[in-house]
Amino acid sequence: MIGQGIPEPPSRTWAEVDLGAIRHNVRALKRRANGSGTRLMAVVKADAYGHGAVPTARAALEAGADSLAVVTAEEGAELRNAGINAPILVFTDLLPGTLTLAKENRLQVTAHSIPSAKRIAAQPGLEAHLKVNTGMNRWGVEPNEVGEARKILGDRMIGVYTHLASADSDKQVTHRQLHAFDEVLAAHPFGGVLVHAANSAGTLWHPSSHYDCIRPGVALYGLHPAGDEGDPEREDLRPALSLKSYVAGVRRLSPGEGVSYGLTFRAGEPMYAATVPVGYAEGYRRSLSNRAAALVRGERRPLLGRVTMDACIFGVDKIVEVGDEVVLIGKQGAESVRAEEVGGWAGTINYEVTTGIQGRRVERSYT
Ligand SMILES: *Cc1c(COP(=O)(O)O)cnc(C)c1O
């Protein structure tokens, strides 16, 4: 081992979440909304896509979000336990046990099918949004079941929504879905219920999907809805999350020496290799092996060989020292590595990159 740096990192690997960026993104998305009265429902499911549900939800509400959305009743209960009072919608289908939890926590629930509407109707006091399938074919009642579902829910129905399958990639499909939704709305004058359809891609690129309320998730975090491509800053979105670690060791490799399991990378000439304590147990995916880059001392450094469970190795030069900060996602000096890029290297999308960060290994801090 070489290098004189004094390692005093906050932990092995940590995530820094910029709540100012979340607030900026909420305001930027609200400005993009079709009407001045259009509301914003901040989607904070899956621990706010890995950003931490409670601090993120608070920041979004401060910046003008009108309500929140989660996927499970437990996620909603976590927000209530933290003292958050805003309306919270649960997206997924709930079984009787979790419907009770939803009711205890004043969560709004979703009716996805006729049986699901009946389960909700059997629990007095629950408020529901009716989800309509317009072509995604995942959740929701069919358009021809809307009348029956509405009758079952009666005046407990306070919203109606659909979900877009290809708002980031296919205008025609999106218009077909919105047309099917408009037909449902025309056939059933709902009067006064909240109508919503727009995920982040709908919010940014399909104003006709905005209705009464936009429902962005990924864009709140400053991530691009097209996944592994696109620059969020071009949409006036600021990435909120940085993932950082530190150089735990530096060693010199001679030509022909390999690194990590399988020695799948071999040095062609003398070089330096830095060991960094982040691996797939932190959510830094094994599919990044031999593909990713990270920033050390303001420069991009290639990932050498395989990502292991707990560590990986980057190619560096001799100015790099033990204790140096390593930026896996985020900015350092003039350089940055975006979650979109990491998703591309890993063969996935930015959504999965941040959501996959493992909270039990990766400490979060907020600025
Ligand atoms: C996740 C989700 C959203 C948010 O989607 P993004 O692409 O992250 O903006 C909106 N609506 C529903 C029903 C969802 O499940």
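Since the model is a prediction, treat every value here as computed from it, not as a measurement.

1. A word on the overall build of the chain
- Looking only at helices and strands, one finds 11 helices and 20 strands in the chain.
- On C-alpha atoms alone, the chain measures out to a radius of gyration of 23 Å, which is about the 21 Å that the 2.2 N^0.38 rule sets for 367 residues.
- Overall, the C-alpha framework of the chain stretches about 75 × 40 × 35 Å when taken along its three principal axes.
- Counting across all 367 residues of the chain, residues that qualify as buried make up 53%.
- Across the chain, the fraction of contacts at a sequence separation of at least 24, relative to all contacts at a separation of at least 6, is 66%.
- Here the chain displays about 15700 Å² of accessible surface, and carbon together with sulfur accounts for 48% of that area.

2. Notes on the site of the ligand
- Of all residues adjacent to the ligand, which total 13 residues, the nearest are Lys-45, Tyr-49, Ser-200, Val-218 and Tyr-351.
- Contact between the ligand and Gly-217: an oxygen atom at 2.8 Å from a main-chain N or O atom of the residue.
- Relative to its unbound accessible surface of 380 Å², the ligand loses 92% to contact with the protein.
- Across the shell around the ligand, the residue classes break down as 6 nonpolar, 4 polar and 3 charged.

3. Let's talk about the sheet that holds strand S5 (residues 109-111)
- If you trace the 8 strands from one edge of the open sheet to the other, you get S4-S3-S2-S9-S8-S7-S6-S5, paired in parallel fashion. The strands lining the two open edges of the sheet, one partner per strand, are strand S4 (88-90) and S5.
- Here strand S7 (residues 157-161) pairs with strand S8 (residues 194-198) via 3 bridges, running parallel. Paired with Val-160 across the bridge in S8 is Val-195.
- Running at roughly 170 degrees to strand S6 (residues 128-131), helix H7 (residues 146-153) makes contact with S5, S6 and S7 of the sheet.

4. Let's talk about the side chain of His-163
- Along the chain, His-163 turns up in the loop between S7 and helix H8 (171-187).
- Of the residues examined, His-163 reaches a relative accessible area of 19% and is grouped as buried.
- In this structure the side chain of His-163 is engaged in a polar contact, spanning 3.1 Å, whose partner is the side chain of Arg-215.
- The contacts of His-163, once residues within four sequence positions are left out, are Lys-131, Thr-134, Met-136, Arg-138, Gln-177, Asn-199 and Arg-215.

5. Description of the pairing of strand S16 (residues 299-304)
- Pairing analysis gives 4 bridges linking strand S15 (residues 293-296) to S16, with the strands arranged antiparallel. When the sheet's bridge partners are listed, Ala-294 is paired in S16 with Arg-301.
- Counting the residues in the hairpin turn of S15 and S16 gives 2 residues, including Arg-297, whose phi is positive at 50 degrees.
- One ladder, built from 2 bridges, connects S16 with strand S17 (residues 312-316); its direction is antiparallel. Looking across to S17, one finds that Leu-303 is bridged to Phe-314.

6. Quick word on the packing of aromatic side chains
- For the coordinates displayed, the defined rule picks out 4 aromatic pairs.
- Centre to centre, the rings of Tyr-49 and Tyr-221 are 4.9 Å apart; their planes meet at 35 degrees, and the pair counts as tilted. Placement of Tyr-49 in helix H2 (residues 45-50) and of Tyr-221 in the loop between strand S9 (213-214) and strand S10 (241-246) is noted, with a sequence separation of 172 residues between them.
- Take Tyr-221: its relative accessible area is 0%, and that puts it in the buried class.

7. Quick look at the pattern of salt bridges
- On inspection of all chains with the given rule, the structure shows 18 salt bridges.
- One salt bridge connects Arg-119 with Asp-93, and the closest N-O pair in it is separated by 3.2 Å. Of this pair, Arg-119 sits in helix H6 (residues 114-121) while Asp-93 sits in the loop between S4 and helix H5 (96-104), placing them 26 residues apart in sequence.
- When the shortest N-O distance is used, the salt bridge between Lys-331 and Glu-233 registers 3.6 Å. On the criterion of sequence distance, the pair formed by Lys-331 in strand S18 (residues 325-332) and Glu-233 in the loop between S9 and S10 is long-range, its members being 98 residues apart.
- When its relative accessible area of 45% is taken as the criterion, Glu-233 is described as partly exposed.
- Each of Arg-12, Glu-282, Asp-310 and Arg-361 takes part in salt bridges that share partners, so that together they form one network.

8. Examining the domain arrangement of the chain
- Each domain of the chain was delimited in the assignment, giving domain 1 (19-229) and domain 2 (240-366).
- On a C-alpha basis, the centres of domain 1 and domain 2 stand 36 Å from each other.
- Contacts between domain 1 and domain 2 engage 18 residues on the former and 14 residues on the latter.
- Of the roughly 1400 Å² buried where domain 1 meets domain 2, counting both sides, 61% is carbon and sulfur surface.
- Counting across the interface, domain 1 meets domain 2 through 1 salt bridge.
- When the shortest N-O distance is used, the salt bridge between Arg-364 and Asp-47 registers 2.7 Å.

9. Observations regarding the nonpolar core
- Grouped together as the largest cluster of nonpolar side chains are 110 residues, with contacts concentrated most on Leu-79, Leu-130, Val-160, Leu-243, Tyr-284 and Leu-288.
- Both domains that furnish three or more residues to this core are identified here as domain 1 (19-229) and domain 2 (240-366).
- Look past the residues within four positions of Tyr-284 in its chain and what remains in contact with it is Leu-243, Val-278, Gly-279, Ala-292, Ala-293, Leu-303, Val-307, Cys-312, Phe-314 and Leu-328.
- Membership of the second largest hydrophobic core comes to 7 residues, among which are Leu-253, Ala-267, Met-271 and Leu-304.

Cut-offs and rules
- Residues numbered from 1 in each chain as written.
- Predicted model: local features only at pLDDT ≥ 70, side-chain atom pairs only at ≥ 80, totals over all residues.
- Heavy atoms only, no water.
- Helix = DSSP H or I, 4+ residues; strand = E, 2+ residues; numbered from the N terminus.
- Rg over C-alpha atoms; globule rule 2.2 N^0.38 Å.
- Buried < 20%, exposed > 50% of the residue type's maximum accessible area, 1.4 Å probe, protein only.
- Contact = heavy atoms within 4.5 Å.
- Areas by Shrake-Rupley, 256 points an atom, 1.4 Å probe, with all protein chains shown as cover.
- Near = heavy atom within 4 Å.
- Polar contact = N/O pair within 3.5 Å; in protein donor to acceptor, adjacent residues only side chain to side chain.
- Nonpolar A, V, L, I, M, F, W, Y, C, P; charged D, E, K, R; others polar.
- Pairing = 2+ DSSP bridges.
- Axes fitted to C-alpha atoms, helices over the stretch in contact; angles between N-to-C directions.
- Phe/Tyr/Trp six-rings, centres within 6.5 Å; stacked < 30°, edge-to-face > 60°.
- Salt bridge = Lys/Arg side-chain N within 4 Å of Asp/Glu carboxyl O.
- Domains from an automatic or database assignment.
- Buried area = accessible area lost by both parts, 1.4 Å probe.
- Core = buried A, V, L, I, M, F, W, Y, C linked by side-chain atoms within 4.5 Å.

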